[in-house]
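Coordinate analysis (summary)
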Amino acid sequence: MYRIGEGYDVHKLVVGRELILGGVKVAYEKGLLGHSDADVLIHAIMDALLGTVALGDIGKHFPDTDEMYKGISSIKLLNEVKCLIEKETAKINNNNENTFKICNIDATIICQKPKLREYIDEMRKNIANTLSLNINQVNVKATTEEGLGFTGSGEGIAAKAIVLVEI
């Protein structure tokens, strides 16, 4: 059986925070505001993965009211999501066997600045390594909105992701 999940996340850009995208520290004068490291790319991917097996969203599993997650690496949370989904697929299949297999991930980061081309391959590697995938199963791209909206004005960064899994 195949399932598709879709995820979206957005965070405000602020001075005084590191910019972390795809588990990579990006050189920029602003970072994303959030309870964790605010990695919008990883958050979108986590929500897409959770959606494939109807497990809600990351706020349900890692609430921003829980001090345990304050400043945590989203890559660590991505690994936790992988474990949650493996357990859930065993339930779906009425046995103790995990049959969860990610076919591919396609994600887009939406921001006017900074330019991200030089960081994308490392982002893909981080995601692939965390999820035990081949790098050719993970696609990350970046786009601007030609100066329009909150991402175009530099107020924030958004990301969206779609995931195909076989269970």
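Residues take numbers from 1 onward in each chain, read along the sequence in its written order. In view of the model being predicted, local features appear only for residues whose pLDDT reaches at least 70, and side-chain atom pairs are presented and counted only at 80 or more, with totals across whole chains, interfaces and linings using the full set of residues. Processing note: side-chain calculations cover all non-hydrogen atoms of the structure and skip hydrogens and water entirely.

Digging into the nonpolar core
Cut-off, in case you're wondering: Among the buried residues, those of types Ala, Val, Leu, Ile, Met, Phe, Trp, Tyr and Cys that are joined through side-chain atoms within 4.5 Å form a nonpolar core. The buried label goes to any residue with under 20% of its type's maximum accessible area, the exposed label to any with over 50%, and the partly exposed label to all in between, with areas taken from a 1.4 Å probe on protein chains only. By the criteria applied, helices consist of DSSP H or I runs no shorter than four residues and strands consist of E runs no shorter than two, each listed in order from the N terminus.
Judged by nonpolar contacts, the single largest core of 49 residues is most densely connected at Leu21, Ile45, Leu49, Ile102, Ile109, Met123 and Ile127. Where this core is concerned, the elements lending two or more residues are strand S2 (19-21), strand S3 (24-26), helix H1 (40-52), helix H3 (74-92), strand S5 (101-110), helix H4 (117-130), strand S6 (138-143) and strand S7 (156-166). Of the residues forming this core, the biggest block, nine residues, is contributed by H1.

Some points on the side chain of Thr130
Put simply, the rule is: Any two residues whose heavy atoms approach within 4.5 Å at even a single point are treated as in contact.
Along the chain, Thr130 turns up in helix H4. Thr130 gets classed as buried once you look at its relative accessible area, which sits at 13%. Sequence-distant contacts of Thr130, defined by excluding residues within four places in its chain, comprise Ile75, Leu78, Asn79 and Lys82.

Re the pairing of S7
Selection criterion: Strand pairing requires that DSSP identify at least two bridges connecting the strands.
Note that strand S1 (residues 2-14) and S7 share 11 bridges and pair antiparallel. Along S7, the bridge assignment pairs His11 with Ile157.

What about the sheet that holds S1?
Defined as follows: All axes are obtained by fitting lines to C-alpha atoms, using only the stretch in contact for helices, and the reported angles, taken between N-to-C directions, cover 0 to 180 degrees.
Sheet architecture is open: five strands sit in the order S4-S1-S7-S5-S6, paired in mixed fashion. Both outer strands of the open sheet, strand S4 (31-32) and S6, are each paired with one neighbouring strand and no more. Relative to S4, S1 is paired through two bridges, and the arrangement is antiparallel. Residue pairing for S4: Val14 is matched across the bridge by Gly31. Strands S1, S4, S5, S6 and S7 of the sheet are contacted by H1, whose axis makes an angle of about 155 degrees with S1.

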